[in-house]
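Summary of structural features
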Amino acid sequence: MSSNEQERLFCYNGEVLVFRLSKGNFVGEGPAKTPVLHVRRMVFDRGTGVFVQKSTGFFSIKEEYSHLKIMGCDCVSDFRTGINLPYVMIQCITESNIFRYFLLFLHSTNKFEKRLSFRLPSESKDSIRVLHGPLVLWRHVQTFCYISSQTGKVVTVSVKFSSIEWAGEIENVGMVLLGRKRYYLSEEGCTPQPSKSDYATWKTQFCVYSLERGEVISDTYIIPPAYTSVITCVHVCATEIVNNQLRMSLVALTQKNQLISFQNGTPKSVCQLPFGDPCAVQLMDSRGGDLLFVISFRSSDACAVWEKNFQVAAKWEKVSSVLIDDFLGTGTEQVLLLFKGPLNSDCLSSFKITDLDNLNYSSETLDCNEDDVFDNKENYLVVPPLERRLKVGLVSVQELQQHLLLKEKIISKSYKALMNLFQGKDDSTSSAEEECLVTLCGEEENPVYTFDEKLSDNFQDSEQVVEKIWYRVIEDSLVVGVKTTSSLKVSLNHVTLSLSMDQDPNSSFLVIKCQNRVIKLSRKSSPVPGSVPYEIGSEVKKIKLSVDSEEEEEKEESIVCVQPSEKEYVQMITAVTSLSPLLAFSNFSCFVLLQIRERENGNHSAAPYIQCGRIFLSLEDLSRGKHLLTFPKKKPIEHMEDLFALLAAWQRACFQIISPSYALTSVKVWLLEHMECEVIKEFPEICFCRRPGSFYGTLFNWKQRTPFEGILIVYSRNQTVLFQCLHNLSRVLPINSFFKYLPLGSEDFLIGHLALALEKELVTLGSFSSALVKVESNLVQSCEASKEKSSGDVASLSDIEESIRSYRKELQREKKQMLGTNLKVLISH
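This structure is a prediction, so every number in the text was calculated from the model and none was measured.

Re the overall build of the protein
Counting its secondary structure elements, the protein contains twelve helices and 47 strands. Counting over 829 residues, the protein shows a buried share of 44%. Across the protein, every contact between residues at least 6 apart in sequence was considered, and the portion connecting residues at least 24 apart equals 58%. Taken as a whole, the protein presents about 43500 Å² of accessible surface, with 51% of it coming from carbon and sulfur.

Re the nonpolar core
Counting residues in hydrophobic clusters, the biggest one holds 41 residues, and the most contacted among them are Phe19, Leu37, Met89 and Val136. Formed by 30 residues, the second largest nonpolar core is a distinct cluster that contains Val482, Ile512, Val518 and Val592.

Thoughts on helix α7 (residues 640-649)
With respect to burial, α7 is a largely interior element, nine of its ten residues being buried. Along α7, the residues that are buried comprise Met640, Glu641, Asp642, Leu643, Phe644, Ala645, Leu646, Leu647 and Ala648.

Some words on the sheet that holds strand β12 (residues 154-156)
Strand order in the open sheet formed by four strands is β9-β10-β11-β12, and the pairing between neighbours is antiparallel. Since the sheet does not close on itself, it has two edges, and those belong to β9 (129-131) and β12, each with one partner. Direction aside, neighbouring strands of the sheet carry axes that sit 25° apart on average. Pairing between β9 and strand β10 (residues 135-140): three bridges, direction antiparallel. For arginine 129, the partnering residue across the bridge sits in β10 and is leucine 137.

Things to note about the pairing of strand β17 (residues 231-242)
Across ten bridges, the pairing between β17 and strand β18 (residues 245-254) is antiparallel. Note on β18: the bridge partner recorded for threonine 239 is methionine 248.

Remarks on the sheet that holds strand β31 (residues 466-474)
As a general point, the strands of a sheet are linked pairwise by backbone hydrogen bonds and lie either parallel or antiparallel. Strands sit in the order β31-β32-β36-β35 across an open sheet of four strands; the sheet is antiparallel. Looking at strand neighbours, the two that pair on one side only are β31 and β35 (515-522), the edges of this open sheet. Looking at each pair of strands side by side, their axes are set apart by 20° on average, direction ignored. Bridge analysis of β35 against strand β36 (residues 569-578) gives eight bridges, and the strand direction is antiparallel. Of the residues in β36, the one forming a bridge with leucine 521 is valine 570. Sheet contacts for α7: β31, β32 (477-484), β35 and β36; angle to β31, the most-contacted strand, approximately 65°.

Some thoughts on the packing of helix α8 (residues 666-674) against helix α9 (residues 719-732)
In the contact formed by α8 and α9, the axes pass within 10 Å of each other and the chain directions differ by 125°. Classed by the angle they form, the pair α8 and α9 counts as oblique. The two elements α8 and α9 meet at a crossing, and its hand is right-handed. Between α8 and α9, the residues in contact are Ser666, Trp670 and His674 and Cys725, Asn728, Leu729 and Val732, respectively. Its residues placed into classes, the contact of α8 with α9 shows four nonpolar, three polar and no charged.

So, the pattern of salt bridges
For the structure shown, the criterion picks out 19 salt bridges. Arginine 180 is paired through a salt bridge with glutamate 165; the nearest N and O atoms lie 2.6 Å apart. Highlighted residues: arginine 180 in strand β14 (residues 174-181) and glutamate 165 in strand β13 (residues 161-170), separated in sequence by 15 residues. Residue classification places arginine 180 among the buried positions, given a relative accessible area of 13%. Exposure remark for glutamate 165: the relative accessible area of 12% places this residue in the buried category. A salt bridge links arginine 624 to glutamate 620, with the shortest nitrogen-to-oxygen separation between them at 3.2 Å. Taken individually, arginine 624 and glutamate 620 each receive the classification exposed, so the pair is uniform in this respect. It is possible to trace a salt-bridge network through shared partners that takes in Asp78, Arg80, Glu113 and Arg115.

Details of the pairing of strand β2 (residues 15-22)
Across the eight residues that make up β2, a large majority, seven, are buried. The hairpin formed by strand β1 (residues 5-12) and β2 contains two residues between the paired strands, and asparagine 13 there has a positive phi angle of roughly 55°. For β2 and strand β3 (residues 36-45), the ladder comprises seven bridges, and the chain directions are antiparallel. Among the inter-strand pairings, phenylalanine 19 is bridged to a residue of β3, identified as valine 39.

A look at unusual backbone geometry
The omega angle of the peptide bond from glycine 133 to proline 134 is -5°, so this bond is cis rather than trans. One can find proline 134 in the loop between β9 and β10. One non-glycine residue with positive phi stands out, namely serine 300, at about 65°. Relative to the assigned elements, serine 300 resides in the loop between β22 (291-297) and β23 (302-306). Relative accessible area serves as the criterion here: at 16%, serine 300 is assigned to the buried category. Residues other than glycine seldom take positive phi values, yet histidine 627 does so here, at roughly 70°. Among the secondary structure elements, histidine 627 is positioned in the loop between α6 (619-623) and α7.

Focus on the packing of aromatic side chains
The full count for this structure, using the stated rule, is 19 aromatic pairs. When the ring of phenylalanine 51 is compared with that of phenylalanine 351, the centres are 5.0 Å apart and the planes differ by 75°; the resulting orientation is edge-to-face. Here phenylalanine 51, found in strand β4 (residues 50-60), pairs with phenylalanine 351, found in strand β27 (residues 351-354); they are 300 residues apart in sequence, far enough to count as distant. Exposure class is identical for phenylalanine 51 and phenylalanine 351. Each is buried.

Points about α8
Think of an α-helix as turning once every 3.6 residues; residues three or four places apart then point the same way. Looking at α8, one finds that the buried residues are Ser666, Val667, Trp670 and Leu671. Within α8, the buried residues cover an arc of 145° as seen down the axis, which keeps them to one side. Opposite the buried face of α8, at more than 90 degrees from it, the exposed residues are Lys668 and Glu673. At its buried positions, α8 is contacted by β42 (677-679), β44 (699-706) and α9.

Thoughts on the environment of phenylalanine 351
Since its relative accessible area comes to 2%, phenylalanine 351 is described here as buried. The sequence separation of phenylalanine 351 and phenylalanine 51 amounts to 300 residues, and the corresponding C-alpha distance is 9.7 Å.

Quick notes on the environment of valine 176
Relative to the assigned elements, valine 176 resides in strand β14. When residues no more than four places from it in sequence are discounted, the contact partners of valine 176 are Trp166, Ala167, Gly168, Ile170, Val208, Tyr209, Ser210 and Ile217.

Describing the state of the cysteines
Within this structure, the stated rule accounts for zero disulfides. Not engaged in a disulfide, the cysteine cysteine 279 finds its nearest cysteine sulfur in cysteine 233; these two sulfurs lie 7.7 Å apart.

Cut-off values and rules
Residues numbered from 1 in each chain as written. Predicted model: local features only at pLDDT ≥ 70, side-chain atom pairs only at ≥ 80, totals over all residues. Heavy atoms only, no water. Helix = DSSP H or I, 4+ residues; strand = E, 2+ residues; numbered from the N terminus. Buried < 20%, exposed > 50% of the residue type's maximum accessible area, 1.4 Å probe, protein only. Contact = heavy atoms within 4.5 Å. Areas by Shrake-Rupley, 256 points an atom, 1.4 Å probe, with all protein chains shown as cover. Core = buried A, V, L, I, M, F, W, Y, C linked by side-chain atoms within 4.5 Å. Pairing = 2+ DSSP bridges. Axes fitted to C-alpha atoms, helices over the stretch in contact; angles between N-to-C directions. Parallel < 35°, antiparallel > 145°, perpendicular 65-115°, else oblique. Left-handed = near helix turned anticlockwise from the far one by under 90°. Nonpolar A, V, L, I, M, F, W, Y, C, P; charged D, E, K, R; others polar. Salt bridge = Lys/Arg side-chain N within 4 Å of Asp/Glu carboxyl O. Phe/Tyr/Trp six-rings, centres within 6.5 Å; stacked < 30°, edge-to-face > 60°. Arc of directions from axis to C-beta. Disulfide = S-S within 2.5 Å.

Laid out in structure tokens, this is it:
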């Protein structure tokens, strides 16, 4: 780079933006030609291992200025669209020695926009900060001033700060400043006498000032006074409001070359840094969800510190720039280290990209420098990722082994009982095993017991768990629901709701095949999330959905939101089955059984069934409209159970909607106006569609995670309605928006697959009597074929017929013996 050029660079959406101001009037230079600001967008090519140029742009500064200088560049949000855009702040001097500053926005088309400009009577060197809006803050003499692009007016901060260590945005509070208060000497020349409360551990000389309110909103629970004089840099990690008091979690750099973590004004952890004079700290969300603090030093050095144990993870020397972004497109962040190169060399010629795990790219021939990582920390960098992978693998193997052992045990007991039946031996099953046996086929030799008498030992009282049982008929489906107490927290992997028929007193119990679902809905609107600074880092980048989607979504919200109290949500466990086969019985009744399995030492412990109650259904009731789900005209949902019945029976599809350029404000408008949806008052997260036609009764759940991204869950009666909804929605979405289908899969798919295989084997064993009949039929056919071949041998034919009669008698005798004996299989969980 020549002497009449200036260059700055930073990262934006995985790209490296390189700004170069050339051919102009710079500080210490004479008159020259019109200055031009150039920009290059550079992306990393994993195939070649180098940065390649993606696109370029330029901006000509036509006004007559002298001594141009790039003050800074980064990205902030534009209040007009809410989109984060790159900016460049340029300082120039007019002919009348007035310092003028103007801020340029860079759009995706590489076009520059002059967004803000202002004049100052004196130069503001390193005290200028650009905040979201954009809003520019600077120091003038002993006061701080700011100007916003919304108002265009210069405003003076009412509080006298000696320095401002952090400025950012806090949700529900707005833009705030964190800095030290300025104390003035009294007329006698001494400081005022502090009160006793000033010596409390939570009192501090730091305060938080709100620009919107124009007042101090907190001066407690920040940093203790003992640390005030040594703090050089502050990075706020999280905030929350407790009893109308702002509580903060932050890290700070000190003159003692330390990184200290403070929680509500109390120091929690300290790390001694390997270099001197730290000047900046950044947060990095690495692979596996581990956080690191990346610290830069004025000595052109850098290091990384683990957030979980405050140990130095790595260090680097001769570093010119430290950038953090997702340069590799993996969904997690990496650190880009730019090293000092020869004079006039490209700024991206010597670099290193790493996530301090298994992703490492370097411009050097060797991917890792021996000086990068401490010798005593090498194992620490390698072991944690391996431990995580090993634990996940061990859990999967253990669960697979448990279910394979269960399968082998069931098959072994079934084979043993079947062989005893064929050989005419008595079943030698122990009394302890008898307690876990269930009848597969045949009649009971002993007198028949009622349902409650026979299985009472395996059932628990439902009063402490179940609040209500209900059932609805929707089209060709029967939906049975159990409302549980709010204190019961279960997932679909640990709960089973079964329907057991008892039509004939002399017959065994028949379990109806059902599809289970655990649905949890909040009675109130989504809770206000704990206030988090806008610049803390990237949000959760991946969403995990399972069959138990409603519960999983509640878990995702608990990461950043205040968890609702137990009374603020309703939890239902539902079972859906086909109605047509049940209508073969004119009067149908069944027991509703609930089983909840708890995890003990990584294993599922056997849990008894909870008898929830009994339901009755007849064709006469359905003809009168009883238990049928209907929608009144005035209210979309009349009963709470109707809503949960729809959520359980309707087909469910989940989509991630992303709009890179514009905020997704049109989705809510589409729901309320175009689809004529009404928000369920009791459960505001659910919208009920009242648009006439096939759309009527469709349910929507829209959760907007960011202004440009949201999750839409559609509950529709069939896929045709779903496609119609998506087609209508695509017409109102902003340009360049797109859908991403999120499959609703279960993480225990293998377990479910094994269970299905076991069910098929049990059905095969239960239908053994039909297999005997088939053997008889095959023998008859074989003998008839033999008869055709040897029609001339009358004596042989009579022998064969006699043999057939003996076979038939033997089979009849064995069938009677089998039907008179209970074939039982041991099933233990």
